[in-house]
Each structure stands twice: as C-alpha cells, then as structure tokens.
Amino acid sequence: MTRIGRRGAGLMAAAGLVAVVGVTVVRPQFSAAEAERPAQVSVDEVEELERAEQILIQRCIERAGFQYMIVPRFVDPVPFTFSYVVDDAGWADKHGYGAALRRRAEAKVDPNERYFRSLPPTRQEALATALNGPEPVGLTATLPGGQVVQHSDKGCQSEAQRELYGDLPTWYASTKVIQNLKGHRFGMVLGDPRYQAALPAWSECMRDRGYRFTSPDAARSEKLTQVVELRQAGAEARCAISTGLGALVRELDTSYDAQLREEHQSLLATRVDLQRRALPKARAL
Amino acid sequence: MRFMKKAVAAGAILVAAMGGAVVSPTSASAAVTAPPPDGHLYAWLDINAGEYYHCRWVGNDDNWTNCTDWDGVARNMHDRASSVQNRGYTKEVNLYNDAGQRGAWRCLSRGEFWPDLRNVRFNRGSSETGYNYPMENRISSHLWVSSC
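None of these values were measured; they are calculated from a predicted model.

About the cut-offs
Sequence order as written defines the numbering, with residues in each chain counted from 1. Both sets of labels track the order of writing: A upward for chains, 1 upward for ligands. Only residues with pLDDT of at least 70 get local features here, since the model is predicted, and only at 80 or more are side-chain atom pairs given and counted; chain-wide, interface and lining totals rely on the full set of residues. By convention in this description, side-chain values take in all heavy atoms of the structure and omit both hydrogens and water. Counting from the N terminus, the helices are DSSP H or I runs at least four residues long and the strands are E runs at least two residues long. Buried means the residue's accessible area, taken with a 1.4 Å probe over protein chains only, is under 20% of the maximum for its type, while exposed means over 50%, and partly exposed covers the values in between. We call two residues in contact when some of their heavy atoms are within 4.5 Å. All accessibility values rest on the Shrake-Rupley procedure with a 1.4 Å probe; residue burial counts only the protein chains present in the view. The term buried area refers to how much accessible surface (probe radius 1.4 Å) is lost by two components on association, counted for both of them together. A carboxyl oxygen of Asp or Glu within 4 Å of a side-chain nitrogen of Lys or Arg is what we treat as a salt bridge. We call two N or O atoms a polar contact when they sit within 3.5 Å, provided that within protein one can donate a hydrogen and the other can accept it, with sequence-adjacent residues counted only if both atoms are side-chain atoms. Three categories are distinguished: nonpolar for Ala, Val, Leu, Ile, Met, Phe, Trp, Tyr, Cys and Pro, charged for Asp, Glu, Lys and Arg, and polar for the others, with Gly belonging to the last. By this definition, two strands are paired if DSSP reports at least two bridges between them. For helices, the fitted axis covers only the stretch in contact; all axes are lines through C-alpha atoms, and the angles between them, taken along N-to-C directions, range from 0 to 180 degrees.

**Student:** Requested: an account of the overall build of chain A, with residues and values cited.
**Tutor:** Within chain A one finds 14 helices and two strands. Taking all 285 residues of chain A together, the buried fraction comes to 44%. Sequence separation of at least 24 residues holds for 68% of the intrachain contacts in chain A that already meet a minimum separation of 6. Total accessible area computed for chain A in this model is approximately 15200 Å², and 56% of it derives from carbon and sulfur atoms.

**Student:** Residue-level account of the interface of chain B and chain A, with values.
**Tutor:** At the interface, 40 residues of chain B touch 45 residues of chain A. In total, about 3500 Å² of surface goes out of reach between chain B and chain A, with carbon and sulfur atoms giving 48% of it. Note that Glu106(A) is salt-bridged to Lys91(B), the shortest N-O span being 3.8 Å. The tally of links between chain B and chain A comes to twelve residue pairs in polar contact (both at pLDDT 80 or more). Here the element with the most residues in the side of chain B that touches chain A is helix α2 (residues 25–31) of chain B; it accounts for three residues. Across the side of chain B that touches chain A, the residue classes tally to 13 nonpolar, 16 polar and eleven charged.

**Student:** Outline the pattern of salt bridges, supporting the account with residue identities and numerical values.
**Tutor:** Applying the stated criterion across every chain yields a total of 17 salt bridges over all chains. Residue Asp87(A) pairs with Arg250(A) through a salt bridge whose shortest N-O separation is 2.7 Å. With Asp87(A) in the loop between α3 (43–63) and α4 (89–95) and Arg250(A) in helix α13 (residues 245–263), this pair connects stretches of sequence that are 163 residues apart. Arg250(A) gets classed as partly exposed once you look at its relative accessible area, which sits at 36%. Between Asp69(B) and Arg75(B) there is a salt bridge whose closest N-O contact spans 3.0 Å. For the pair formed by Asp69(B) and Arg75(B), the shared burial category is buried. One connected set of salt bridges, linked through shared partners, spans Arg185(A), Asp253(A), Asp257(A) and Arg261(A).

**Student:** Mind laying out the sheet that holds strand β6 (residues 92–98) of chain B, listing which residues take part and the relevant values?
**Tutor:** Residues and elements named next belong to chain B. Pairing is antiparallel across the open sheet formed by three strands, whose spatial order is β7-β6-β9. Each edge of the open sheet carries a strand with a single partner, namely β7 (102–108) and β9 (141–145). Pairwise comparison of adjacent strand axes, ignoring direction, gives a mean angle of 25° for this sheet. Sheet analysis places β6 next to β9, joined by five bridges and oriented antiparallel. Paired with Asn-94 across the bridge in β9 is Leu-143.

**Student:** I'd like a rundown of the side chain of Gln157(A), residues and numbers included.
**Tutor:** In this structure, Gln157(A) sits in helix α8 (residues 155–165). Judged by its relative accessible area of 12%, Gln157(A) is buried. Beyond its immediate chain neighbours, meaning those up to four positions away, Gln157(A) contacts Glu53(A), Ile57(A), Leu131(A) and Arg110(B).

In structure tokens:
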C-alpha cells in the first residue's frame, strides 16, 4: 500500500509538472525514465503477480462453493541446464540426474488436488470447470511452427488473469508463445554445431570411465537403478567439467535465450507492459 | 454420449469452413465444442475432437492400447490420437511417444486443448524415439505431473 501511495504521488507530481511547465520540457525526462526500465519484471514482481492471481482464484473458487488453498507454485528441483548435461559433480554424486528428487517433489500431493479427489464425481466436474472454464473456447495462441493451443476464457483462472492483466487474449497468447521458447531453445542448443563438435571429447572421457554414450541425452534414455544413476551422473558431470561441455551448454543456452528474446522482442515488451500495469492491482489486493 | 451431437455439429461447421481456402485458428476454435473439465485427460482419434471415438483417463496410463471412453466402451488410442485435451483440475500431463512413459515427450498444460497434433512436435527427450516428430498418431502413454 505504501508503495502504491508513493507511486501515485509520483504520478500526480508528474502530472502537475506537465500542467505547469508544459509537455515539451517534461516529456523527454519521462521517455528517458521509460527507456531505463529493465526489459523484464523482476523475479519478486512475478511472485507478487502469481500470488495475486492465486488470491483472486481462491476468492472465485470460494464464490463457486468450494475450498481453495493458496500454495506456492511447483518448482522443478532440477536446474534447467542439467537437462543438457549435469556439470556439478557434488550435485550429481548426491542426486544423479535428479530422478528421485523429482519423484519426491511430485509425490507431495497438492492439497487442492487432494481436496479435488475427495469430492464425488459430479462435484469434481463442477470444481474443475470452476477453475479451468467449460469448453476450451475463447483463448487461442498460435505458436511458432503453427501449433494452435486453445483454452477457455471463462473459469476462475481466466477471470483472475483478466482482472489482473486486463487484456486476457493478449496475455494468454503472449504467455503461451513465451513459455514455448524454452523447449525451442533446448532444441537449438542440441542442434548447434559447437555442441555437436564438443560431444566426441565428452564421449571419450566417459569411455575412459567405463561408459559408452555418444551424448548426455543417450545416457539418460535408460531406466537406471539409483546406484547406477549416481555413478553414471557423477562421471557425466566430471567429464562435462573437464571437457568444457558444461560451460559450453551454459553459454549456448544463454546466447540462444538472448537471440529468442530479440526475435520475440515486441511480444515480450507487450507482456512486460501488461505485468507492470497489473502490479498496482496485485499490491492492492 | 452427451457431447456426441455437439462434436458432430462442430465437425460439420469445420468441414463447411474448410470449403473455403483457409481455416483461421479463430474460426476453428469457435467450431470446437467439448464437455466441461471433469478431471480427465482426453484423446480423440480425429483432429478438433471431431468424431466421437476417444479415450479418457483419470490416472496415469503406460499403454494407450487398452483405454475406455466416456461411456466406458473399450478403445485403442495407441499411436492413433489426433487431438488432446487436459481436463484435469490442477495437474499437467506429459504425453510420450512410447509405451511405459518412454521416448520423447511433450507437456500439455491444464485446461489446454491441442486441436491438431499434426502441428505439434515432441520437444523433450532429444535422443529418444520420436523427438521433434509430429505427435499425431504417435502418443502411446502419459504421466500426470505438477508443472510443465
């Protein structure tokens, strides 16, 4: 509330300034301030927005006659770059590829899911509809490659996002495209000639340690016992460090992330704009 | 059975629309009707949930060869699905190229409908069977997960 107060006061002061001094003087300062804005909202701000969305969903679900518990968003316990190659030997010795970590995280049943399952079928249908809307109509996103994704523009999730972001179709379409970039980036890194060129050295290092794999992906395609997983991932990590494969995938991941952000600049800017405008609403909840 | 007529009507509209040159995503989405979320994953033999033949699941299934539809009729959806929808509550779902939650996969978010799997490719599990292939007629198993 205090933050909104300060912002509000700032805006009013700026407006006053426009009235007194005139637009030509004030405007350049205003644009400069806008240009200095970071291209993304901060992690904290995203959390504020997600929490606000959860509060709105809770109110909406309760209005529909159900319970809804606000829970923190599920976070994958395995760092994203480890899906290319694990390059932290200590982590690998303890967690392998992270299979057990993921299983444990998945096993913690969301209290909302537990509540949902406790209901009789007709009530389950009513609750799922309350959250996700009826038919998947109203929101459409077309992803690069032509994939069409649809969702209902009704239901508590959509209503919460509409209340926060205003323009729900734009919010949905931009969010889906941006979420999809991660998978796209993954494919770009693996297809990069520098990655391909670095594989033989890694593979040779692995062979010296008793493993025959042409790539870290190939090493992951077997279902392993935990003991084998830890040993194998430990070797993978040590080879990723000694051959530089780990550093390379991190570099490529960062660079393709930047490239994709550049390519989708206007979409990202639109989304950031919606997020910024939603922040005061989120803080007022 | 209750959404059969709707689905057929939707198909008819789509066919009518396809008489023209291009079906825009908007007109396609307007034509699709389906039952409300009920906690299930749904998969249809046809694109746009266009025919009745489908399967639905509450839990995980490591082989889509034996599955059942809304009426409890036994079906086979192994390597046959052309559209899918996540009608679960809070969960998302990984769709796999192979039985036993093996092979390449892709994650379907909650509340989401993919009306045409010809344009969707498996995007995870790069050294696995099916990676980067269109998902139509390839999905063989699935696993509910907390987040895509």
